[in-house]
Amino acid sequence: MISPMKKFRESEIYKSIFRHKYDDTQRNRALQIVDNVFLHLHPVRIPRHATNIGFTWGMGGITFLLFLILTLTGVILMFYYRPTAQYAYEDMKYLMNDVAFGPFVRNMHRWAAHAMVITVMLHMFRVFLTGSYKPPREFNWVIGVLLLVLTFLLSFTGYLLPWDQLSIWAVTVGTNMARATPLIGHEGPFGPELGMRIDNDIRFLLLGGTQVGPPTLLRFYVGHCIFLPLIAAIFMVVHFWRIRKDGGISGPDTTKKTF
Amino acid sequence: MKYFLEIITKPDNIPIVGLLFLVVFYTWFAFKKARKNDSQEIPDEAKLDDKIQVWPYLVRVEFLGTLIVFAILAVWSITIDAPLEQAADPSLTPNPSKAPWYFLGLQELLVYFDPWIAGVMLPSIIIIGLMAIPYIDVNPKGNGYYTFKDRKFAILTYYFGFLILWIALIILGTFLRGPGWNFFLPWEFWDTHKVVVLNNIDLSELIGIPTKLPDNSLNIWATLFGFTFVTGFFGILGGWHYNKFKKTELFKLMGPIRYWTTSALFLGMGFVVLKMSLRLLPPIFGAYPIKYFWVTPWFNI
């Protein structure tokens, strides 16, 4: 008697989805990577030290995973949240008290966001300590620094959205720095001399007003949910692609006899 | 101590406690690996250079990592609620008002520098400086393995910048800065009415040149003194090292642009440390803390 599983694996439907067999052969293992749109980010074969968690700490991969978790939980949160000063806080209360699994999704979004800032910093620490920014990976380090900045900006814009005392004042403190920008801030060096006022300088552009208010909420919301994730995703694509193009994960030059 | 426990167990502060342990652990862990590699002919990483297939050897590690991250996040999200305080009220300023935790190192720098330096120039220089690292570091050694002896200057500088000027200042800003951004020891109550003596003087006043004339206008001699001090700091230290360094092989390898970029970034970091020290240390010896090095009509440093 043929087992149902075997029969399914030989069916036309199975063959139309999976383009190769699953028997444990070198060829199938290779096809498993190159025939899969998600896994083909990876090379087929890598040096053994690249799978050693003591070498990589796994922080880059965890950062990407957290970005995916944040995207997923963030989209769920968007169903319950209206970015206007009138409704934002009410929606947060509703989410935390009445929505099934609302607190769980919001908690996961916030803690994953904190964790992502930490894993980005640790990833950078590891890449520095292993000298992995050295040729030919110089430019990928630059992309990485941009991604670090984008992570801070994503986290910072998200901080405002609950529209409670914690968020409005943290963002007030943060954006107050923009007042003091040289040349383009109304309290910065040479700002007043160049005609900067509280209602036309760089801070006014960021906030959409002279203080953190309803227009700021909308600006930060659009930045947080659309603009910044899109930019970050583009830089991530380049970051991952460059890893492959720059010769895969860093490692010692094994053609050398001495180090 | 009970106040301190309250602060470190605030939901938003728990990640910072975690960060502290993670950073200490990974610094120790990486240093241990580096010392081991330094003591042998060939680094450990080079011994594991045979090729293995990504399926299953890497994918299974990623899968396990994903499960662990999900497990941690799920437990964390079930047990601890994200904070939600009173509704936003622009007329009610909390004390202390703090930026998100990852910016508290920069907020701490506001004690020592005016906002245009602490909040705008220093973050920009940090970002540009980080991006410049691969282009100014010409040392071909230590690429792709943990080491200390091959890159002592690079690693010690990064340790100092990351561990002290970034992480330690975040910890200080989160746990030890209370109302009015005043300093509180862990066992002290965050008293909103704490009175702190404001007896800062400018550097020129230390040597007897008043910053303001009796009619409250700026003393041009104080401005000139400050200009001399700040440019002297960079000029004399930079020039002294250049003279010492210009004959070396490494200088030829670096060339003038790389050398002067490195020199400026390193001295900039030293300048931040000097400014912080001259604010924090004098009171310990009964002297006045220093506020500004250089006062001008347009900006103060």
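The structure displayed is predicted, hence computed values, not measured ones. (Residues numbered from 1 in each chain as written. Chains lettered and ligands numbered in written order. Predicted model: local features only at pLDDT ≥ 70, side-chain atom pairs only at ≥ 80, totals over all residues.)

Student: How would you summarise the overall build of chain A if you had to cite specific residues and measurements?
Tutor: In terms of regular secondary structure, chain A is built from 11 helices and 1 strand. Taken over the C-alpha trace, chain A has a radius of gyration of 24 Å; the compact-globule value for 259 residues is 18 Å, which it surpasses by more than 25%. Based on the C-alpha atoms only, the size of chain A along its principal axes is roughly 80 × 60 × 30 Å. Out of the 259 residues in chain A, the part that is buried amounts to 44%. (Helix = DSSP H or I, 4+ residues; strand = E, 2+ residues; numbered from the N terminus. Rg over C-alpha atoms; globule rule 2.2 N^0.38 Å. Buried ≥ 20, exposed ≤ 12 C-beta atoms within 10 Å, placed from the backbone.)

Student: How would you explain the overall build of chain B if you had to name every residue and give the values?
Tutor: Secondary structure summary: chain B contains 11 helices and 1 strand in total. Put simply, chain B runs from its N terminus to its C terminus through helices and strands in the order α-α-α-β-α-α-α-α-α-α-α-α. Computed over the C-alpha atoms, the radius of gyration of chain B is 24 Å, more than 25% above the 19 Å expected from 2.2 N^0.38 for a compact globule of 301 residues. C-alpha extents for chain B along the principal axes are approximately 80 × 65 × 35 Å.

Student: How would you explain the interface of chain A and chain B if you had to name every residue and give the values?
Tutor: Taken together, the contact between chain A and chain B spans 85 residues of the former and 74 residues of the latter. Secondary structure elements with two or more residues in the side of chain A that touches chain B: helix H3 (26-34), strand E1 (45-47), helix H4 (53-56), helix H5 (59-78), helix H6 (88-97), helix H7 (102-129), helix H8 (138-160) and helix H9 (165-176) of chain A. (Contact = placed C-beta atoms within 7 Å.)

Student: Account for the nonpolar core, naming residues and giving values.
Tutor: Burial of nonpolar side chains together is a common tendency in soluble globular proteins. Residues Leu66(A), Ala112(A) and Met116(A) are the most contacted members of the largest nonpolar core, which totals 87 residues. Per element, the largest residue contribution to this core is 17 residues, and it comes from H7(A). In terms of nonpolar packing, the next biggest core, distinct from the first, is built from 8 residues, Ala222(B), Phe225(B), Tyr292(B) and Trp294(B) among them. (Core = buried A, V, L, I, M, F, W, Y, C linked by C-beta atoms within 7 Å.)

Student: Describe the domain arrangement of chain B, with residues and values.
Tutor: Residues and elements named next belong to chain B. For chain B, the assigned domains are domain 1 (1-84 + 96-195) and domain 2 (197-301). Centre-to-centre, using C-alpha coordinates, domain 1 lies 28 Å away from domain 2. Between domain 1 and domain 2, the residue contacts involve 12 residues of the former and 14 residues of the latter. Sorting elements by how many residues they give to the side of domain 1 that touches domain 2 places helix H7 (residues 115-136) first, with 6 residues. Considered class by class, the residues forming the side of domain 1 that touches domain 2 number 9 nonpolar, 2 polar and 1 charged. (Domains from an automatic or database assignment. Nonpolar A, V, L, I, M, F, W, Y, C, P; charged D, E, K, R; others polar.)

Student: An account of unusual backbone geometry is requested, with residue identities and associated values reported.
Tutor: Omega for the bond connecting Pro135(A) with Pro136(A) falls within 30 degrees of zero, at 5°, which places this linkage in the cis form. Of note, Pro136(A) is situated in the loop between H7 and H8. A cis amide bond, omega 5°, links Asn95(B) with the succeeding residue Pro96(B). With respect to the helices, strands and loops of the structure, Pro96(B) is situated in the loop between helix H5 (59-79) and helix H6 (104-109). A positive phi is found at Phe101(A), a non-glycine position, where the angle reads about 60°. Structurally, the position occupied by Phe101(A) is in the loop between H6 and H7.

Student: Give me the packing of H5(A) against H5(B): which residues, what numbers.
Tutor: Taken N-terminus to C-terminus, the directions of H5(A) and H5(B) make an angle of 55°; their axes are 11 Å apart at the nearest point. In terms of orientation, H5(A) lies oblique with respect to H5(B). Seen from above, H5(A) lies across H5(B) with right-handed handedness. For the pair formed by H5(A) and H5(B), the contact residues are Gly61(A), Ile62(A), Leu65(A) and Ile69(A) on the first element and Glu62(B), Gly65(B), Thr66(B), Val69(B) and Leu73(B) on the second. When grouped by side-chain class, the residues that make up the contact of H5(A) with H5(B) number 5 nonpolar, 3 polar and 1 charged. (Axes fitted to C-alpha atoms, helices over the stretch in contact; angles between N-to-C directions. Parallel < 35°, antiparallel > 145°, perpendicular 65-115°, else oblique. Left-handed = near helix turned anticlockwise from the far one by under 90°.)

Student: Go over helix H2 (residues 14-38) of chain B, please, and point to the residues and values.
Tutor: A rise of 1.5 Å per residue sets the reference length of H2(B), with its 25 residues, at 36 Å; its end C-alpha atoms lie 36 Å apart and thus fit the reference within 8%. Every buried residue of H2(B) is accounted for by Pro15(B), Ile16(B), Leu19(B), Val23(B), Ala30(B), Lys33(B), Ala34(B) and Asn37(B). Summarising the contacts, the buried residues of H2(B) are in contact with H4 and H7 of chain A together with helix H3 (44-47) and helix H8 (152-176) of chain B. (Expected span 1.5 Å × (residues − 1).)

Student: Describe the domain arrangement of chain A, listing the residues and the values that go with them.
Tutor: Per the domain assignment, the segments of chain A are domain 1 (15-44) and domain 2 (60-245). For domain 1 of chain A and domain 2 of chain A, the distance between their C-alpha centres works out to 37 Å.

Student: Tell me about the environment of Phe4(B), and name the residues and values.
Tutor: Positionally, Phe4(B) belongs in helix H1 (residues 2-8). Setting aside its immediate chain neighbours within four residues, Phe4(B) contacts Pro186(B) and Trp187(B).

Student: Tell me about H7(B), residues and numbers included.
Tutor: Helix geometry: H7(B) is bent most strongly at Met121(B), by close to 35°, with proline Pro123(B) lying one to four residues after it. Here H7(B) has its buried residues at Trp116(B), Ile117(B), Ala118(B), Gly119(B), Val120(B), Met121(B), Leu122(B), Ile126(B), Gly129(B), Leu130(B), Ile133(B) and Pro134(B). Among the structural elements, H8 of chain A together with H6 and helix H11 (249-280) of chain B are those in contact with the buried residues of H7(B). (Bend = angle between axes of the 7 residues up to and from the residue.)

Student: I'd like to hear about the environment of Leu237(B), residue by residue, with values.
Tutor: Residue and element names in this part refer to chain B. Relative to the helices and strands, Leu237 resides in helix H10 (residues 220-245). The class for Leu237 is partly exposed, based on 15 C-beta atoms found within 10 Å. Sequence separation between Leu237 and Arg60 is 177 residues, and the spatial gap between their C-alpha atoms is 53 Å.

Student: Account for the packing of H10(B) against H11(B), naming residues and giving values.
Tutor: Residues and elements named next belong to chain B. For the pair H10 and H11, the least separation of the axes is 10 Å and the interaxial angle reads 145°. With respect to the hand of their crossing, H10 and H11 are arranged in right-handed fashion. Between H10 and H11, the contacting residues are Phe233, Phe234, Leu237, Gly238, His241 and Phe245 on the first element and Phe251, Ser263, Leu267 and Phe271 on the second. For the contact of H10 with H11, the class distribution of residues is 7 nonpolar, 3 polar and no charged.

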